[in-house]
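# Topology and contacts: notes
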Amino acid sequence: MKSPQVFLIDHENNNRGLTDTNEALQLAESLELDLVLVSEGKEAPVAKILN
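To start, this report covers the structure provided alongside it. Just so we're clear, the structure is a prediction, and the values are computed from it rather than from any experiment.

### Here's the deal with the side chain of threonine 19
Tracing the backbone shows threonine 19 in strand E2 (residues 15-20). There is a polar contact of 3.1 Å between the side chain of threonine 19 and the backbone oxygen of glycine 17.

Spelled out as structure tokens, the structure:
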């Protein structure tokens, strides 16, 4: 993922808002899940933590 930030939706479907991409990746990895790009936004893409 090239964007420095993403709008993050976590594994419990909570909107975490604008989050640093590295932080989102670390959260997904800590849960042993994947960070998936679901939509290209104008400001930042939307990413969701999924298994």
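### Examining the sheet that holds E2
With mixed pairing, the 4 strands of this open sheet are ordered in space as E2-E1-E4-E3. The open sheet is flanked by E2 and strand E3 (34-39), the only strands paired with a single partner. Direction aside, neighbouring strands of the sheet carry axes that sit 35 degrees apart on average. Of the pairings in the sheet, the one linking E3 to strand E4 (residues 46-50) comprises 5 bridges and is antiparallel in character. Each residue of the ladder has a partner; that of leucine 35, found in E4, is isoleucine 49. Sheet strands touched by helix H1 (residues 21-30): strand E1 (5-9), E2, E3 and E4. Its angle to E2, the strand with the most contacts, is close to 120 degrees.

Scoring rules and cut-offs
- Residues numbered from 1 in each chain as written.
- Predicted model: local features only at pLDDT ≥ 70, side-chain atom pairs only at ≥ 80, totals over all residues.
- Heavy atoms only, no water.
- Helix = DSSP H or I, 4+ residues; strand = E, 2+ residues; numbered from the N terminus.
- Polar contact = N/O pair within 3.5 Å; in protein donor to acceptor, adjacent residues only side chain to side chain.
- Pairing = 2+ DSSP bridges.
- Axes fitted to C-alpha atoms, helices over the stretch in contact; angles between N-to-C directions.
- Contact = heavy atoms within 4.5 Å.

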